[in-house]
Amino acid sequence: MSYPYQITSYEQYNQAYASCEKDPQAFWGSVAEHFRWKKKWNKVLDWNFREPKIEWFSGATMNITENCLDRHIEELGNKPAIIWEPNDPEEHHRILTYKELLFKVKQFSNVLKNNGVKKGDRVCIYMGMIPELAIAVLACARVGAIHSVVFGGFSSQSIADRLQDAKAEFIITCDGAYRGAKDIPLKSVIDDALIACPFVKRVIVCTRTRTPVSMIKGRDVWWEDEIKKVETHGNPDFPAEEMDANDMLFILYTSGSTGKPKGVVHACGGYMVWANYTFVNVFQYKPGQVHFCTADIGWITGHSYIIYGPLSAGATTLMFEGIPTWPDAGRFWNIVDRYKVDILYTAPTAIRSLMAYGMDYLVGKDLSSLKVLGTVGEPINEEAWHWYHKNIGKEKCPVVDTWWQTETGGVLISNLAGVTPEKPSFATLPLPGVHPCLVDENGKEITGNNVSGNLCMKFPWPGILRTTYGDHERCRLNYFSTYENLYFTGDGCLRDENGFYRITGRVDDVLNVSGHRIGTAEVENAINMHAGVVESAVVGYPHDIKGQGIYAYVIYNGHHGDETLARQDIIQTVTRIIGPIAKPDKIQFVTGLPKTRSGKIMRRILRKIAEGETTNLGDTTTLLDPGVVEQIAGLRIKGTLIRIKD
Ligand code: WTA
């Protein structure tokens, strides 16, 4: 496998950037030549941000799995596609070669077909990090079904919401999943979700933990039994469905500042080119290297940099089932040592957490195979950047700080490892085809250097989202209506004297907790579901490990006065409604919330109090009742439960 479009010098980067700016259609057309298409495109790009309408490679047909699997067989058939490291280091790891992976994907495509899955059907995947998860994802893509992977940390209620929104009639899950010392009963979570989703026709259950499960006749089937059926009756050469380049490939739900999570939709052709192009360029992947992305496939990072990017590039991708701190905080370093990992891609929150465990866990670990380090998901503070660079990269590995989003499909702003300059805590420069701009509140572009503003994009790149599932208007309103003719990212950003970008965090009501996106409105809705809660307001506050923690102000009217119990009940409610990832870190009981005369909660003030500021709270004169602020600030430390008498 060679990558003629891989940029190998700073000069070449500048040339590629300029030539893509001059003629994006010619540029992306020539990159796309290096993929397998069934039919070529009539037009590379057709777009407007007004509707929005974005089409890449119109008229082309293809299947992403032929690009990820079939086309590699001749050259890489016996090379490892997936190395799988189980949660328990005592359990045997698995290696799937490209040939074996293709075989299993074809087999499971037969299973999907036998179970009635057709092109365009939505399939919800709720599994732990086992190779069968990658197989399920790829088999959906092969039969042309739209996968919607849901992270294992979401509750039944969240799954039900997603099933209903996508009208998904099929589910692929496991009996359970291992995560560190815990077993998570995935199938039973699904069973609870299905009480509200009678339209689900089939649940395919893969065995992992063999925890007891209830298999419902006519609806639930075992993965292994279904495989047995196709061993004798299936088509061993399951041909890939011919997909239009602009057909949907997958839905991935993500949080915004309002309402329930929305289903971000990516399309087959553009997403494939972008996942591959960014993988090859940002990480500077060289054939034969082992790429270890520590994300979960339930998030976009796993989709793009465990599955589609690496496999479309014929790379070896390492998939890890466990967590960084179990059995101990040396887990990542053991894996790097054992498999001679070349590229390690992880989140700042993991780096900060491992940093806090100290250097003991690095003793005796051979990390000399590492060539490139990467981070994603949240701003990385300089201290963590330097620790990573020095102690893991031994000052010889470039660190790529990759900024991107579920909606962007792949990296938009990042240094290219060892090729373009790096700067701690800066994502630095945009990839070719990416045209960032900073705007002020009124949508006026802020030009020049040493400035900051809201980060927008002026032009589409191949991996841009196409719609939000079932509600195109929501997509327009969320991303394309704040500023005319611009895609708005929701992030604040500064541009330094060299034109390097540094992302400073969300400017909307979206939290980033341990690199996971959670909407404040979503958490508030969940808290408000608790019978004793009158009203709540949620903000983020700086957290040493998680980046941001969740701080909830709650007006409580519960029947008992024990604040510890009240807190536990609220946390339990959030766990039920969203999942454990959205649990508030701090709950402060209050008698009122600072509101403007029009009833809007003044989060700016609540954020300041959550950050520990109790006196200098800015202008409170526009508040309906300024007294409430003093009270909240005064009780911040104690957080006493105040009962409201009716
Ligand atoms: C944040 C994850 C600073 C940002 C791929 C963005 C970052 C949100 C970085 C998207 C980075 C991601 N530096 N902030 N390198 N990468 N973010 O959709 O706020 O889960 O808007 O996608 O994470 O999160 P999402």
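See the structure above.
Before going into details, it helps to say that this report is about the structure given with it. (Residues numbered from 1 in each chain as written. Predicted model: local features only at pLDDT ≥ 70, side-chain atom pairs only at ≥ 80, totals over all residues. Heavy atoms only, no water.)

### Quick word on the environment of V628
Here's step 1: Its location among the elements puts V628 in helix α19 (residues 627–635).
Here's step 2: The exposure class assigned to V628 is buried, which follows from its relative accessible area of 7%.
Here's step 3: Excluding residues within four positions of it along the chain, V628 makes contact with G592, L593 and P594. (Helix = DSSP H or I, 4+ residues; strand = E, 2+ residues; numbered from the N terminus. Buried < 20%, exposed > 50% of the residue type's maximum accessible area, 1.4 Å probe, protein only. Contact = heavy atoms within 4.5 Å.)

### Observations concerning the site of the ligand
Here's step 1: Neighbouring residues of the ligand: 17 residues in total, closest D401, T402, T406, D491 and R517.
Here's step 2: The backbone of T402 places a nitrogen or oxygen atom 2.8 Å from a nitrogen atom of the ligand.
Here's step 3: R517 is positioned with one of its side-chain polar atoms (N or O) 2.7 Å from an oxygen atom of the ligand.
Here's step 4: Summarising the interface, the protein chains cover 96% of the accessible area of the ligand, which totals 520 Å² for the free molecule.
Here's step 5: Every element with two or more residues in the shell around the ligand is listed here: α11 (300–312), β20 (399–402) and β26 (501–506). (Near = heavy atom within 4 Å. Polar contact = N/O pair within 3.5 Å; in protein donor to acceptor, adjacent residues only side chain to side chain. Areas by Shrake-Rupley, 256 points an atom, 1.4 Å probe, with all protein chains shown as cover.)

### Quick look at the packing of aromatic side chains
Where two aromatic rings form a pair, the distance of their centres and the angle of their planes describe that pair.
Here's step 1: Tallied over the full model, the rule gives 43 aromatic pairs.
Here's step 2: A centroid spacing of 5.0 Å and a plane angle of 70° characterise the contact between W47 and F459, whose relative ring orientation is edge-to-face. Here the residue W47 occupies a position in strand β1 (residues 43–48), and F459 occupies one in the loop between β23 (451–457) and β24 (467–468), the gap between them amounting to 412 residues.
Here's step 3: An angle of 85° between the planes, with centres 6.0 Å apart, marks the rings of Y357 and Y361 as edge-to-face.
Here's step 4: Ring pairing ties together the aromatic residues Y3, F279, F283, Y285, Y305, Y345 and W404, which thus form one cluster.
Here's step 5: A cation over a ring is seen here: R162 above F154, with NZ or CZ 4.4 Å from the ring centre.
Here's step 6: Across from the ring centre of F426, 4.2 Å away, lies the NZ or CZ of K423, which sits over that ring. (Phe/Tyr/Trp six-rings, centres within 6.5 Å; stacked < 30°, edge-to-face > 60°. Lys NZ or Arg CZ within 6 Å of the ring centre and 35° of its normal.)

### Some points on the nonpolar core
Here's step 1: Counting residues in hydrophobic clusters, the biggest one holds 171 residues, and the most contacted among them are W28, W37, F57, F108 and Y308.
Here's step 2: Apart from the residues within four sequence positions on either side, F108 is in contact with I135, A136, A139, I172, I204, W223 and I227.
Here's step 3: Core analysis: the second largest hydrophobic core is formed by 29 residues, V341, A350, A384 and I392 among them. (Core = buried A, V, L, I, M, F, W, Y, C linked by side-chain atoms within 4.5 Å.)

### Considerations on the pattern of salt bridges
Here's step 1: In total, this model carries 34 salt bridges according to the counting rule given.
Here's step 2: Residue E85 is joined to R331 by a salt bridge in which the shortest nitrogen-to-oxygen separation is 2.9 Å. Taken together, the residues span a long stretch of sequence, with E85 in strand β4 (residues 80–85) and R331 in helix α12 (residues 331–339) at a distance of 246 residues.
Here's step 3: Here E85 falls in the buried class, since its relative accessible area comes to 1%.
Here's step 4: Note on R331: relative accessible area 2%, which makes it buried.
Here's step 5: R603 is paired through a salt bridge with D509; the nearest N and O atoms lie 3.7 Å apart. Taken as a pair, R603 in helix α18 (residues 603–610) and D509 in the loop between β26 and β27 (510–513) lie far apart in primary sequence, 94 residues in all.
Here's step 6: You can call R603 buried: its relative accessible area is 15%.
Here's step 7: Look at D509 and you get partly exposed, because its relative accessible area is 25%. (Salt bridge = Lys/Arg side-chain N within 4 Å of Asp/Glu carboxyl O.)

### Quick notes on the environment of N281
Here's step 1: Looking at where N281 falls in the secondary structure, it is placed in helix α10 (residues 268–282).
Here's step 2: Once residues within four sequence positions are removed from consideration, N281 is found in contact with Y5, Q6, I7, L416 and A417.
Here's step 3: Looking at N281, its side chain comes within polar contact range of the main-chain oxygen of Y5, at 3.4 Å.

### Examining the environment of T349
Here's step 1: For T349, the position within the fold is in helix α13 (residues 348–357).
Here's step 2: Under the relative-accessibility criterion, T349 is labelled buried at 11%.
Here's step 3: Not counting the four nearest positions on each side in its chain, T349 is found in contact with E378, S514, G515, I545 and K546.
Here's step 4: Looking at T349, its side chain comes within polar contact range of the main-chain oxygen of I545, at 2.9 Å.

### Some words on unusual backbone geometry
Here's step 1: Geometrically, the link from E51 to P52 is a cis peptide bond, its omega value of -5° lying close to zero.
Here's step 2: Mapped onto the elements of the fold, P52 is located in the loop between β1 and β2 (53–58).
Here's step 3: The backbone of T428 shows a phi angle near 70°, a positive value even though the residue is not glycine.
Here's step 4: Inspection of the secondary structure assignment puts T428 in the loop between β20 and β21 (436–439).

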